[in-house]
Amino acid sequence: MDSRRAPRTVSDPKVRKVGFFTAPPDRSLPGPPDHRIFSFLTSPPPVVDNSSPSAGNSLSPVMIPPPRHSSANLSPLRRDSAEYFPPSASPTSPASFSDDVAAAAMGRGAVAASSSLPGGLGFDIAALKSAASSVPASGLTTVSVVNNFPIGISEKGGGVAVEMQNDQSTRYKSLKEKTTKAERRALQEAQRAAKAAAKAEGGTTPAAASGAAASVTMKSTKSVKPPPSLKNDSATVAASEKKGGDRPPEKDRKKEVPQPRMQYDDKSRVEKAKRRAVVKQTEARNRVELFRHLPQYERGTQLPELESKLFELDPMHPAVYKVGLQYLSGDICGGNARCIAMLQAFQEAIKDYSTPPEKTLARDLTAKIGSYVSFLIECRPLSISMGNAIRFLKNRIAKLPLSLSEMEAKTNLHSDIDRFINEKIILADKVIVKHAVTKISDGDVLLTYGSSSAVEMVLLHAHELGKQFRVVVVDSRPKLEGQLLLRRLVGKGINCTYTHINAISYIMHEVTRVFLGASSVLSNGTVYSRVGTACVAMVAHSFHVPVLVCCEAYKFHERVQLDSICSNELGDPDVISKVRGREDINFLDGSSNSAILQLLNLIYDATPSDYVSMIITDYGMVGCSTHECTCHSTRISKRTLVDIDGMQMDHQASPRFLTMLISVFWEQ
Amino acid sequence: MDFQVVVLAGGTCKKLLPLVSKDVPKALLPVANRPVLSYVLEQLELSNLKDLIVVVEGEDAALCVGGWISNAYVDRLHVKVAVVPEDVGTAGALRAIAHHLTTSDILVVSGDLVSDIPPGALAAVHRQHDAVVTTMLCSAPVSGPTESVSSGGKDKIKKPRRYNIIGLDPTKQFLLHVATGAEVEKDIRIQKSILRAVDQMEIRADLVDAHMYAFKRSILQEVLDEKDKFRSLKEDILPYLVRSQLKSEVLLNGVPQAENGNEKVNSQNNQAAVSRILANASTPSFHDLYASSNKGSTLVRRTHKCCAYIASESKYCQRLNSIQAFSDINRDVIGDDSHLSGYSFSAHNNIIHPSAQLGSRTTVGPHCMLWEGSQMGDKCSVKRSVIGRHCRIGSSVKVVNSVIMDHVTIGDGCSIQGSVICSNAQLQERSVLKDCQVGAGFVITACSEHKGESMARK
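Parameters and conventions
Residues numbered from 1 in each chain as written. Chains lettered and ligands numbered in written order. Predicted model: local features only at pLDDT ≥ 70, side-chain atom pairs only at ≥ 80, totals over all residues. Heavy atoms only, no water. Helix = DSSP H or I, 4+ residues; strand = E, 2+ residues; numbered from the N terminus. Contact = heavy atoms within 4.5 Å. Areas by Shrake-Rupley, 256 points an atom, 1.4 Å probe, with all protein chains shown as cover. Buried < 20%, exposed > 50% of the residue type's maximum accessible area, 1.4 Å probe, protein only. Core = buried A, V, L, I, M, F, W, Y, C linked by side-chain atoms within 4.5 Å. Domains from an automatic or database assignment. pLDDT = per-residue confidence, 0-100. Pairing = 2+ DSSP bridges. Polar contact = N/O pair within 3.5 Å; in protein donor to acceptor, adjacent residues only side chain to side chain. Phe/Tyr/Trp six-rings, centres within 6.5 Å; stacked < 30°, edge-to-face > 60°. Axes fitted to C-alpha atoms, helices over the stretch in contact; angles between N-to-C directions. Parallel < 35°, antiparallel > 145°, perpendicular 65-115°, else oblique. Left-handed = near helix turned anticlockwise from the far one by under 90°. Nonpolar A, V, L, I, M, F, W, Y, C, P; charged D, E, K, R; others polar. Expected span 1.5 Å × (residues − 1). Patch = residues over 30% accessible without salt bridge, like charges linked within 9 Å, V, L, I, M, F, W, Y side chains within 5 Å. Salt bridge = Lys/Arg side-chain N within 4 Å of Asp/Glu carboxyl O. Lys, Arg positive; Asp, Glu negative; His and termini not counted. Charge placed at Lys NZ, Arg CZ, Asp CG, Glu CD.

Trainee: What is the right way to read the overall build of chain B from this model?
Mentor: Within chain B, the secondary structure is distributed over 12 helices and 32 strands. Within chain B, residue pairs in contact and separated by at least 24 positions form 55% of the contacts whose partners lie at least 6 positions apart. Of the roughly 20200 Å² of accessible surface on chain B, a fraction of 50% belongs to carbon and sulfur atoms.

Trainee: How should the overall build of chain A be read in this particular structure?
Mentor: Counting its regular elements, chain A contains 25 helices and 13 strands. Burial statistics for chain A: of 668 residues in total, 52% are counted as buried. Contacts spanning at least 24 positions in sequence make up 77% of the contacts within chain A whose residues lie at least 6 apart. About 29200 Å² of surface is accessible on chain A, with carbon and sulfur atoms providing 59% of the total.

Trainee: I keep staring at the nonpolar core and nothing clicks. Help me out?
Mentor: Phe-346 and Phe-515 of chain A are the most contacted members of the largest nonpolar core, which has 78 residues in total. Element by element, the count of residues in this core is highest for helix α18 (residues 406-437) of chain A, at 11 residues. Among the domains, domain 1 (267-423) and domain 2 (440-568 + 603-644) of chain A are the pair contributing at least three residues each to this core. If we ignore the near neighbours within four places in the chain, the residues touching Phe-346 of chain A are Val-320, Ile-369, Tyr-372, Val-373, Leu-376, Ile-390, Leu-393 and Ile-417 of chain A. Among the nonpolar cores identified, the runner-up in size contains 42 residues, and Val-5, Leu-113, Ala-123 and Val-125 of chain B belong to it.

Trainee: In this structure, what is going on with helix α7 (residues 217-226) of chain B? I would like to understand it.
Mentor: Along an α-helix, residues three or four positions apart point the same way, because every turn accommodates 3.6 residues. Looking only at α7 of chain B, the buried set comprises Ile-219, Leu-220, Gln-221, Glu-222, Val-223 and Leu-224 of chain B. If you follow the buried residues of α7 of chain B, they end up packed against α3 (89-97), β6 (105-110), β12 (207-216) and α8 (233-243) of chain B.

Trainee: Would you take a moment to explain the confidence of the model for chain B for this structure?
Mentor: All names here are of chain B. Mean pLDDT over chain B stands at 78; residues scoring 70 or higher make up 84%. Contacts of residues 144-159 to residues separated by more than four positions or lying in other chains number 15 contacts, the stretch itself having pLDDT below 50. Low pLDDT (under 50) marks residues 253-264, which in the prediction has 2 contacts with non-local residues, meaning those over four places away or in another chain. Scored as a complex, the prediction yields pTM 0.65 and ipTM 0.72.

Trainee: Honestly, the sheet that holds strand β9 (residues 604-607) of chain A in this entry has me stumped. Any pointers?
Mentor: Remark on secondary structure: sheet strands pair via backbone hydrogen bonds, oriented parallel or antiparallel. Residue and element names in this part refer to chain A. Pairing is mixed across the open sheet formed by 4 strands, whose spatial order is β8-β5-β6-β9. Strands with a single pairing partner mark the edges of an open sheet, and in this sheet they are β8 (556-557) and β9. Of the pairings in the sheet, the one linking strand β5 (residues 520-522) to β8 comprises 2 bridges and is parallel in character. Note that in β8 the partner of Leu-522 across the bridge is His-557.

Trainee: How should I be thinking about unusual backbone geometry in this particular structure?
Mentor: Following Arg-477 of chain A, the chain continues into Pro-478 of chain A via a peptide bond in cis, with omega recorded as -5 degrees. Mapped onto the secondary structure, Pro-478 of chain A falls in the loop between β2 (469-475) and α20 (482-491). One non-glycine residue, Asp-130 of chain B, lies in the positive phi region at around 55 degrees. As for its position among the elements, Asp-130 of chain B is in the loop between α4 (119-129) and β8 (133-139). Phi is positive for Lys-379 of chain B, close to 55 degrees, though the residue is something other than glycine. Position of Lys-379 of chain B among the secondary structure elements: in the loop between β18 (375-376) and β19 (381-383).

Trainee: Can you walk me through the environment of Arg-204 of chain B in this structure?
Mentor: All names here are of chain B. For Arg-204, the position within the fold is in strand β11 (residues 202-204). The exposure class of Arg-204 is buried, given its relative accessible area of 17%. For Arg-204 and Ile-166, which are 38 residues apart along the polypeptide, the C-alpha to C-alpha distance reads 5.2 Å. In this structure the side chain of Arg-204 is engaged in a polar contact, spanning 3.2 Å, whose partner is the side chain of Glu-202.

Trainee: I keep staring at the packing of aromatic side chains and nothing clicks. Help me out?
Mentor: What describes a pair of aromatic rings is the distance from one ring centre to the other and the angle between the planes of the rings. Taken as a whole and assessed by the stated rule, the structure comprises 8 aromatic pairs over all chains. Where Tyr-321 of chain A meets Phe-375 of chain A, the ring centres are 5.7 Å apart and the plane angle is 20 degrees; that geometry is what we call stacked. Here Phe-375 of chain A lies in helix α16 (residues 361-379) and Tyr-321 of chain A lies in helix α14 (residues 318-329), a separation of 54 residues in the sequence. Take Tyr-321 of chain A: its relative accessible area is 1%, and that puts it in the buried class. Judged by its relative accessible area of 0%, Phe-375 of chain A is buried. When the ring of Phe-230 of chain B is compared with that of Tyr-240 of chain B, the centres are 5.5 Å apart and the planes differ by 65 degrees; the resulting orientation is edge-to-face.

Trainee: Explanation requested: the sheet that holds β12 of chain B in the structure shown.
Mentor: Residue and element names in this part refer to chain B. As summarised here, the arrangement of the 7 strands in space is β5-β4-β1-β6-β12-β8-β13, forming an open sheet in which the pairing is mixed. Unpaired on one side and paired on the other, β5 (78-84) and β13 (306-310) mark the two borders of the sheet. Between one strand axis and the next, the sheet turns through 25 degrees on average, direction left out of account. As defined by bridge partners, β8 adjoins β12 across 6 bridges and the pair is classed as antiparallel. Bridge pairing links Val-133 to Phe-215 in β12. Packing against the sheet, helix α1 (residues 36-46) makes contact with β1 (3-10), β4 (51-57) and β6, and its axis sits at approximately 170 degrees to β1.

Trainee: What is the right way to look at the packing of helix α17 (residues 384-398) of chain A against α18 of chain A in this model?
Mentor: Geometry of a packed helix pair, given as the angle between the helix axes and the separation of the axes. All names here are of chain A. Two elements in contact, α17 and α18, have axes separated by 11 Å at closest approach and are oriented at 150 degrees. In this view, α17 runs roughly antiparallel relative to α18, as classed from their interaxial angle. Considering the relative orientation of α17 and α18, their crossing is right-handed. On α18, the residues that touch Ala-389, Phe-392, Leu-393, Arg-396 and Ile-397 of α17 are Leu-413, Asp-416, Ile-417, Arg-419 and Phe-420. Tallied by class, the residues present in the contact of α17 with α18 amount to 7 nonpolar, no polar and 3 charged.

Trainee: Even after reading the chapter, I still don't get the environment of Leu-486 of chain A, so can you show me in this structure?
Mentor: Residues and elements named next belong to chain A. Inspection of the secondary structure assignment puts Leu-486 in helix α20. When the C-alpha positions of Leu-486 and Asp-475 are compared, they lie 9.7 Å apart, and in sequence the two are 11 residues distant. Setting aside chain neighbours within four positions, we find Leu-486 in contact with Val-473, Cys-496 and Tyr-498.

Trainee: Got a minute to help me understand helix α19 (residues 453-464) of chain A in this structure?
Mentor: Residue and element names in this part refer to chain A. Helix length check: α19, at 12 residues, gives a terminal C-alpha distance of 16 Å against a target of 16 Å (1.5 Å per residue), a fit within 8%. Looking at α19, one finds that the buried residues are Ala-454, Val-455, Glu-456, Met-457, Val-458, Leu-459, Leu-460 and Ala-462. Downstream of α19 by a residue or two, Gly-466 has a phi angle that is positive, lying close to 85 degrees.

Trainee: What's the story with the pairing of β8 of chain B in this structure? I'm lost.
Mentor: Each regular strand carries side chains that alternate between the two faces of the sheet. Residues and elements named next belong to chain B. For β8, the tally of buried residues reaches 7 of 7 residues, placing the bulk of the element in the interior. By the alternation rule, side chains of β8 split into Val-133, Thr-135, Leu-137 and Ser-139 and Thr-134, Met-136 and Cys-138, which are all buried. Sheet topology places β8 next to β13; 5 bridges connect them, and they run parallel. When the bridges of β13 are listed, Leu-137 appears paired with Ile-310.

Trainee: Looking at this structure, I do not really get a negative patch on the surface. What am I missing?
Mentor: Residue and element names in this part refer to chain B. Residues Asp-23, Glu-59, Asp-60, Glu-86 and Asp-87 make up a contiguous surface patch of negative charge. Within the secondary structure layout, Glu-59 lies in helix α2 (residues 59-73). What makes Glu-59 exposed here is its relative accessible area of 57%.

Trainee: Help me out: how do you make sense of the side chain of Asn-524 of chain A in this one?
Mentor: All names here are of chain A. If you trace the backbone, Asn-524 turns up in the loop between β5 and β6 (527-530). For Asn-524, a relative accessible area of 7% corresponds to the buried category. A distance of 2.8 Å separates the side chain of Asn-524 from the side chain of Thr-526, its partner in a polar contact.

Trainee: Sorry if this is basic, but what is going on with the pattern of salt bridges here?
Mentor: Pairs can form between side chains of opposite charge once their charged atoms are near each other. All names here are of chain B. What the rule picks out here adds up to 25 salt bridges over all chains. Residues Lys-26 and Asp-112 are paired through a salt bridge, measuring 3.0 Å at the closest nitrogen-oxygen approach. With Lys-26 in the loop between β1 and β2 (30-31) and Asp-112 in the loop between β6 and β7 (113-115), this residue pair connects regions lying 86 residues apart in the sequence. Judged on exposure class, the residue Lys-26 and its partner Asp-112 are both buried. Measuring nitrogen to oxygen at the nearest pair gives 2.7 Å for the salt bridge that ties Glu-45 to Arg-76. Placement of Glu-45 in helix α1 and of Arg-76 in the loop between α2 and β5 is noted, with a sequence separation of 31 residues between them. Of the two residues examined, Glu-45 and Arg-76, each falls in the buried class. It is possible to trace a salt-bridge network through shared partners that takes in Arg-34, Glu-42, Glu-45 and Arg-76.

Structure, rendered in structure tokens:
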């Protein structure tokens, strides 16, 4: 849904004012945020309101995520980033740059070596065949050898290539970290000047400094691309760093636009990605125009393909493989569970890992994890929480002291992952529960949508505390995950009402609080969550029911997203066209392949912060009083942190509040 | 991939007499001129499973099989051959090699399986559900043994045989009931508890157990140790595991809990929270629902999962466990499912080795195979048959729907239909064979006529 348009209509001060004054007091939140709400309400300066569109405009260059582009306008962007690489590498140590080339060459050499091996084997067998031709069937079986080995070779080659690429990407990152910001910028300027000069000379290939350099840079961009979310992360680290200072000049800002994630409507890139892919996926034919940039595959074909290749994916650790399968078949869903499952699989993989000779643990393991991650992405796009967890893990690996033995390093990582799961997820949930329970009072009617693990814990804990409340579980097709939640809640003896999202406007009358889970909270306060959440939040908002979002801090992300189009996930379209167990109403059966029928099964949507009264995280509760947005340029600026770690920090928050929260979180 | 593969190659199977002999154990019976075992081994090799244990019954057979493997697969596969005494059964064979098994999961494949189903699919299902046992089910042989011999008129009256009776849950992932062997003919007895837990069970008689299993090693070994009466995987162990899936007696997850014993309560709580989040997020199978359904009592019901992988209809899957199956498989491998054989067929859909000699006006029809050094006289006709190496076939011989192994001599004017003739056999002039099996080295006198007989040297 278009979240950009919606706030505007609501942001009319008059409407808002009326709404909030007529709101019954028992529905607004108790405690400090309340006061803040009212204090702002009494003084809505209309002058500032006028400034809001312009502010929105000035923000947009940063906020609007990479545009959907055809390959034509994509190429300059790519060229930019391609050139970004050599400057950062060359100044610190030109030697390392040439090293890179050498490494690449060596990598290729390794491929050649590995491919020569099976050839040798083939000779052996040929010799053997001639030797043992009298033995029955030996002559025949060699036929299949010829069939078999090319597969092995190509796989081996692919594996090496992937590792090589990952190696390079890590090196690229580390180099980037080493150089200071100023240095980098100077280099960029120099590079740009050089490029301009080259262009002036009329070279058809503007970036062709030398053949080798060009090929390396191309490689580097390529290698950086594959894990899209990670790429974004690394790029946005730099971006957030910048945000503190004054607004950077236009062209610099352009640099900091995060590398676009894979745009699936760009044919050439999709082709490239496909060649790398472990899981062969056939793309769905009829995709909705607006969502062509997102990956969508024929669900039916993936699983058998992957299954049959179980033993052929040599480098894949069984635990990772299992998790991938479970993602693909939908056996595990939900942000926390997916993240935990992935981390535990990595734990297993690290336990069984041993550094190959002539490699360092830090780099090889990072590459390994990278390949696992790209496998998991092929099974299902990563959630933001998983991206954060992976970033954490890679960070940990990079920071391992070199003096550690392999064994120690592995146990270190093992306990690091354990710590992450315990602190960032389990303990975070406990803290959230502690906070959220204070918002539940006797006689409340709580509404929840879907099945959020955090919300479930809140409800159960409140029930254990003996609070008297009723729960309305709102659910939606096709997943109907609310039923599972309902089953568990009823099992615990909680009074529940179950309804579908169609009836949300009817049931909302009796609700006093809405508790929602989130897949992620973005730095403009947008809540990225299960599709339908936005709808629930909006209805609640129009009924003046406070909406509380429970989200662990590890799910926060610096990205800014205004709509749910540019970044989303497409589910299996068949699930919405067919109703399982109801053969009699499958009217779409024959027509699902028709060219004029397009099915859209979105997984997530973005809820604008206007509709969220409060975000409950493990660092405290962030109140978003919606009306404040009207009078200030950025919505974030008006957020208030109620308490951090129990401390009552009830003051006007600094402009980048959530961003700060995120950086606090990552520095720990 | 953390799977150990055990290939049960069997010994000299009684059911296949007179085709098998001391020199040719069941595993080495030629299917389209390749030992049947090679089909399994190559399928495994394709899946990158190169570390195998081949279990053979009987010393002699083991020597033969071992010799053949070492010749054919040196440098390609890492094969260990284990010898077990004859008649220990499949369970006994596993029991004998149990101490060699180390990985967490084990893939057990029958050596007589001719199939193009990737074993990875089975393993993936096994892994995905964390099952105790996963079995491969395939649809019963399509053309069926009955109509395979086109001229076998009396066979046609027989009803198609039922091999297994299998109960599945509505999602077709879990195995709820298995009846094999003699039980198939009896009444079906289904446990109430299972039926109550699942609500709905699908009973299928058109599926066959393909004898490819994935087991959880710890469970398998425990069952093997405790139930020393169990002889067969298919008839004892699998039904036992399926029967007891809701009141599991086997130890599950015993090990990890012991490890955590001395850790703090706090971390255990966290672990519980982790597992709860994971459990809540996944779609519960009926096992989970059943286990959690008895509130009140402190006793936790222990369950384990028995999964089934149902191969798609387009895949070929058949076991060479009877003479009938032997002819069927030979027919299919050179016929409709020729991709299994690994040979490239000529434009006429047959294979004639360049060194084979054909007399004038001799026709070799489609779906035939004529191997190296064989000679045929004039006016012969071969249809849908396999002829091995160095056979000498006289003039005016008709071969239809038959398998002729190596070094067979066939006199002029013979007619062979639907028969299997083993190596070194000799057919003198004008003998007529119909649906017969001729053992190795047997001599059939001139002008004799046989129908539906099985002949072997005493």
